[in-house]
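# Survey of secondary and tertiary structure
Spelled out from the first residue to the last, the chains are:
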Amino acid sequence: MKLDSIKILISRSQFGYLSYASFFICILSGIALAFTFDPMNSYNSISLMILLNKPALFIRSIHYWSAQIFLLTSVFHIIDHLLKRTEKDVKSSSWVGMIMLIPFLLYAMFSGFLLKGDNEATQGMNIIVSVLNSIPLIGNIISGTMFGTTSSLQIIYINHIITSALVVWLLTIEHSKKIIPSAKSLLQVIPLIALLSVILIPSISKNISPETKGPWYLTGIQEIFHWLNYPEITIYILFLILVGIFSVKYLNNKASGRLKLVLLIFLLSYSLVSVFALFFRGESWKLIVPWDDNANVVEFLTASNLKTPEDSLLKRKVPLIQGKIESCMYCHSDVKGLSISHDVAAIGCYSCHLGNPLSLDKITAHRGMTLTPGNLDVAEKTCGTINCHPGILKRVGKSLMTSMSGVIAVNKYTFGESKTPDGYYNIENIGFTPAETHLRGLCAGCHLSNNKLKPAPIDELSRGGGCSACHLNYQPESIADLENLKAGKKSHFVNHPEITLKVTDDHCFGCHSRSGRIATNYEGWHETHLNSKDVTNIDKSKFRLLQDGRVFEKKNDDVHHKAGMMCIDCHNSYEIMGDGTKYSHKENAVKIQCIDCHTDNPSTITKDKMDQESQRILNIRNKTDLNIKYIVSKGTGIPYLNTIYKDGRIITELKSSGKQLISKPVSTLCGKDIQGHNRMDCATCHTAWAPQCIGCHTQYYPEMTGWDNLTNKETIGSWLEKDKEFYSDFPTLGVTFDPKSKNSKVTTFIPGMVLSISKSKNEKSYKRLFAPAFSHTISAKSVPCKTCHNNPVALGYGRGELKYVINNNNGRWIFSQKFSNFSSDNLPEDAWIGFLQNSKNNNSTRTNTRPFNIEEQKKILTIGSCLTCHKENDKKMIAVLRSTPFTKKKLSVKCIVPIW
Amino acid sequence: MELITRKAFLKTIIGITGSFLAYLFYKSLKINDHIVSSNRVQSVIKNDFPEGFSFINDIILVKKNQKIEIFSDKCTHLGCKINKSSGTELVCSCHGSKFSDNGQVISGPALKNLKKISFQLDNLRNVIILNNEA
């Protein structure tokens, strides 16, 4: 007896009863659901069910599962009938009704999917309207009647709860001859629906994923659409299938059997395609495997979501975030410290920190969240989403602070791995050649795509962190919160670090205190060979111990630093975050020039004529006056947003303090009108000093444990660097050629890569490359003439004594070098060129830069010879130098010019 | 002898009334559709976009070497909203059509290029004026 019952239970003939019972439950749950579901605000309505209204959530789950089982059992029921050939026994009118049931059933299902109101539903709506509209003549009418417009769910809702439900019910009653399903079939199907409704609760998509998937029964069509250039064909195919099913009743047995076989094969094929599309299609239509971490196959909530929330939560009123409910707000709405544009009341938590915004369970809500949303590997989903800063993110991706292109290019050239020191590289793409492992070991931490691993305030050891590297500022309260969280004294972070435009010099210091050391130079600190033990009782006015153990001694700081200017008072967003162009070297990316502010004839722009980014920045700074004339860079047209032109004066308002500074125009005493000086960069006369490192050697130790700064992992094999001397002298001068303007200019250089390399015991090399460098040690007063004309370091000869000797009315320059010649190229260790020699191959970290050639050296030293007798402010000498052309005839008979 | 039977008369009246109601229904759909499609959220936008793609409401603005082109964000395949770019390509999340940054189809299923939206540049006010019918 029992066996018979089981047989009946699983008998094929039961599908019809089960189908009707499921539909009946679906109708009842739908009626119950209608009391809490708001079709005009469907997304939030379902969000509320998920978060707080657990009875409604369970009813929705029942509604969903009863509908899915109704669909499945209906399909099985149709197959069952076709296999049994019962269609011949059915009346024609009933047969037509049954065929009519199929499109209405599909409509009821799909309209239910659209009523979710989430991203997937919106895209689904666009698709169905587009497909139906493609039907000639009647397409628009069908689409308008069944789905209305894409901007409202009103018509779909009416058709879902009334039209389709009524038609399906009437046709089912007509087919089954029963108004209410049997108690037996209800008892059979209820446990299954209840079980599924508890363990797999349907959710909604969070409207951020670029992956769009239709309901499971339509993923096959979605996949077919991918391959089909003319998707309207699908409508005709579906119509043909209906005609096919309809025809089986009227064909003879043989033809009917064949047609059924075709339909069965089609159904099986469609099922396979659906499974493939459901499990193996990922974001941006890429192929995935369902067990991949990033796979987001079907999202269901678990039974724990049915737990009744605490009463206190039900009473809590939380703000809607961008018009949507966000569960984070139930616990974190008290977070403060953020500026208006990033305030939690405006953008919530989820848009930055991800996680699950539709859960009030702590573990579930926090699953998948990031504590460091500024990191570039997640920024596409956080800071860089299309509603926030997508353009900036793309620029940052190409910027030098992310790519490190110049560092890589020069390093590879130094190691002999590339033919030029130019070209574009990205640190993320480097491999494991000797130059690349050298970068990984010593340099590759200083780039924006280096991930910040945990929340922490910026300090001297900070590296990378993407957007947070510059825009995150910890206030004392947020540091206290962080410490309390670490110590377990607090479970809740209230004082959020500020996300701000106030990028302090400390943000820049970590990376820019290395290599050219512009951060330390600017503040007037020069690196020494002392170590922390040498300065136990450190005199902080003379020495500074950095967190990395390096000791710096005090030198003159930059005149702009003395005035209180920070890095961002000069450097704008298009320099720091890039302008979208892939530059090889830093000087190509820099937009500003000294003469933009130090002039009496500035270029200006008003706010309303500026680019959007500049206007936004001014808005954030509450600068609303449209009549203010902002200074604009003459070279690039990019405005200085803190510098204005008013009453004939250029006034810079410091971004940190609001203090106003007046820029002085270039002095009339500036010697630009002296021959040869017109091509000199301002820095050549106004640089006080530049850090110079002599005699660096780097060696590879294959057995030693090292650290890969790119992957932040230990490695076997390590590069070690040894340096000899640090100097803080006036820099070397050289020539930069601008291929665009065909002009050349004299500018400042420091030893860039003067390096002996031991790749292995037998593989050694040597490179002597000087690099163009703006030291950031500008002084208001220009250096004395002798600093260039009588200085062997400035001329590129290295340190030593440069002496003008006169014998028998013949003058001759003599140079006694301090450092001995290096065997590899027979030049003094600190030299760029030999005394009165041409450089053989420029020895520079750029293809467009070079040391002075012999002719230029002779001209400089000729003036240097004058300075051995005349004071630099000698009017007679200056008058002669200013006269053009400068010839020996104009000189006094007492003057003895050098012979070469 | 009756000119027309009562049943036939009723059928005719119902037929005429039904047809008239169907006509009104059809017209109401058309008018509603027209109102919604012409209701663009923003037709004047500030001309200050960065290089590359910018997604604004229902349009995609492409700036390349300072030159601007504007396209509808509706995929020409089945009308899905395109809201993602990958490098210099736009990818439709629904069925994987790819478009170049000048709106041309790189790979299907879409066959037609993205719909170009005509616009005028107002250099005086530094704004872009979109044509409403787009």
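Residues numbered from 1 in each chain as written. Chains lettered and ligands numbered in written order. Predicted model: local features only at pLDDT ≥ 70, side-chain atom pairs only at ≥ 80, totals over all residues.

This part covers the overall build of chain A. In terms of regular secondary structure, chain A is built from 36 helices and 24 strands. Its C-alpha radius of gyration of 38 Å places chain A more than 25% over the 29 Å reference for a compact globule of 900 residues. With the C-alpha coordinates of chain A rotated into their principal frame, the extents come out at 135 × 60 × 60 Å. Burial status across chain A gives 39% buried among its 900 residues. Expressed as a percentage of contacts within chain A between residues at least 6 apart in sequence, the contacts between residues at least 24 apart total 65%. (Helix = DSSP H or I, 4+ residues; strand = E, 2+ residues; numbered from the N terminus. Rg over C-alpha atoms; globule rule 2.2 N^0.38 Å. Buried ≥ 20, exposed ≤ 12 C-beta atoms within 10 Å, placed from the backbone. Contact = placed C-beta atoms within 7 Å.)

Per the secondary structure count, chain B includes one helix and 10 strands. Taking all 134 residues of chain B together, the buried fraction comes to 31%. A sequence separation of at least 24 residues applies to 35% of the contacts in chain B between residues at least 6 apart.

Residue and element names in this part refer to chain A. Under the domain assignment, chain A is made up of domain 1 (2-209), domain 2 (328-509), domain 3 (510-562), domain 4 (567-592 + 599-665) and domain 5 (672-890). Each of domain 2 and domain 4 has a C-alpha centre, and the two are 26 Å apart. Of all the secondary structure elements, the ones that give two or more residues to the side of domain 2 that touches domain 4 are α18 (390-398), α19 (400-403), α20 (405-414) and α24 (505-512). No other element matches α18, which puts five residues into the side of domain 2 that touches domain 4. For the side of domain 2 that touches domain 4, the residue count by class is nine nonpolar, four polar and six charged. (Domains from an automatic or database assignment. Nonpolar A, V, L, I, M, F, W, Y, C, P; charged D, E, K, R; others polar.)

Residue and element names in this part refer to chain A. Direction vectors running N to C along helix α4 (residues 54-84) and helix α5 (residues 92-114) enclose 150°, while the axes themselves pass 11 Å from each other. Considering their axes alone, α4 and α5 lie roughly antiparallel with respect to each other. The two elements α4 and α5 meet at a crossing, and its hand is left-handed. Contact residues: α4 offers Ala67, Leu71 and Ser74, while α5 offers Leu105, Met109 and Gly112. (Axes fitted to C-alpha atoms, helices over the stretch in contact; angles between N-to-C directions. Parallel < 35°, antiparallel > 145°, perpendicular 65-115°, else oblique. Left-handed = near helix turned anticlockwise from the far one by under 90°.)

In this section: the interface of chain B and chain A. One widely used convention gives an interface's size as the accessible area the parts lose upon coming together. Taken residue by residue, the interface counts 30 residues in chain B and 32 residues in chain A. For the side of chain B that touches chain A, the secondary-structure elements that each account for two or more residues are α1 (6-37) and β2 (52-56) of chain B. The element that contributes the greatest number of residues to the side of chain B that touches chain A is α1 of chain B, accounting for five residues. Among the residues making up the side of chain B that touches chain A, the classes are represented as 12 nonpolar, 12 polar and six charged.

Hydrogen bonds along the backbone pair up the strands of a sheet, which may run parallel or antiparallel. Residues and elements named next belong to chain B. An order of β2-β3-β4 is seen for the three strands of this open sheet, with the pairing classed as antiparallel. The open sheet terminates on both sides in strands that have one partner only, identified here as β2 and β4 (67-72). Neighbour-to-neighbour, the strand axes of the sheet open up by a mean angle of 20°, direction not taken into account. Bridge count for strand β3 (residues 59-64) against β4 is six bridges, and the pairing is antiparallel. Looking across to β4, one finds that Ile59 is bridged to Ser72. (Pairing = 2+ DSSP bridges.)

In this structure, Val243 of chain A sits in helix α11 (residues 233-247). For the pair Val243 of chain A and Ile99 of chain A, spaced 144 residues apart in the sequence, the C-alpha separation amounts to 8.6 Å.

With that settled, the discussion passes to the sheet that holds strand β10 (residues 639-646) of chain A. All names here are of chain A. Pairing is antiparallel across the open sheet formed by five strands, whose spatial order is β8-β9-β10-β11-β12. Among the strands making up the open sheet, the edge pair consists of β8 (604-605) and β12 (660-663). Looking at chain direction, β10 and strand β11 (residues 649-653) are connected through four bridges and run antiparallel. Each residue of the ladder has a partner; that of Tyr645, found in β11, is Ile650.

A few words on unusual backbone geometry. Residues and elements named next belong to chain A. Despite not being glycine, Leu354 shows a phi value in the positive range, around 55°. Look at Leu354 and you get partly exposed, because 19 C-beta atoms sit within 10 Å. Notably, Asn808 is not glycine yet its phi reads approximately 50°, a positive angle. When you line up the elements, Asn808 lands in the loop between β20 (800-807) and β21 (810-817).

All names here are of chain A. In this structure, Ile59 sits in helix α4. With 10 residues separating them in the primary sequence, Ile59 and Met49 have C-alpha atoms 9.6 Å apart. Those residues in contact with Ile59 that lie beyond four places of it in its chain are Ser29, Ala32 and Leu33.

Quick look at the pairing of strand β15 (residues 713-722) of chain A now. Residue and element names in this part refer to chain A. Where strand β14 (residues 696-708) and β15 come together, nine bridges link them in antiparallel fashion. Each bridged residue has a counterpart across the sheet, and for Tyr701 the counterpart in β15 is Ser718. The antiparallel pairing of β14 with β15 creates a hairpin that spans four residues between the two strands, and Asn712 there sits at a positive phi of about 55°.

This next bit is on helix α35 (residues 854-867) of chain A. All names here are of chain A. For α35, spanning 14 residues, the distance from its first C-alpha to its last is 20 Å, which sits close to the expected 20 Å at 1.5 Å a residue. The complete set of buried residues in α35 reads Gln857, Leu861, Ile863, Gly864, Ser865 and Cys866. Packing partners of the buried residues in α35 comprise α33 (786-789), α34 (792-795), β20, β21 and α36 (875-882). (Expected span 1.5 Å × (residues − 1).)

Turning our eyes to something else, we now look at the pairing of β12 of chain A. Residue and element names in this part refer to chain A. Pairing between β11 and β12: four bridges, direction antiparallel. Along β12, the bridge assignment pairs Ile650 with Ser663. As consecutive antiparallel partners, β11 and β12 are separated by six residues, and within that stretch Gly658 has a phi angle of approximately 85°, a positive value.

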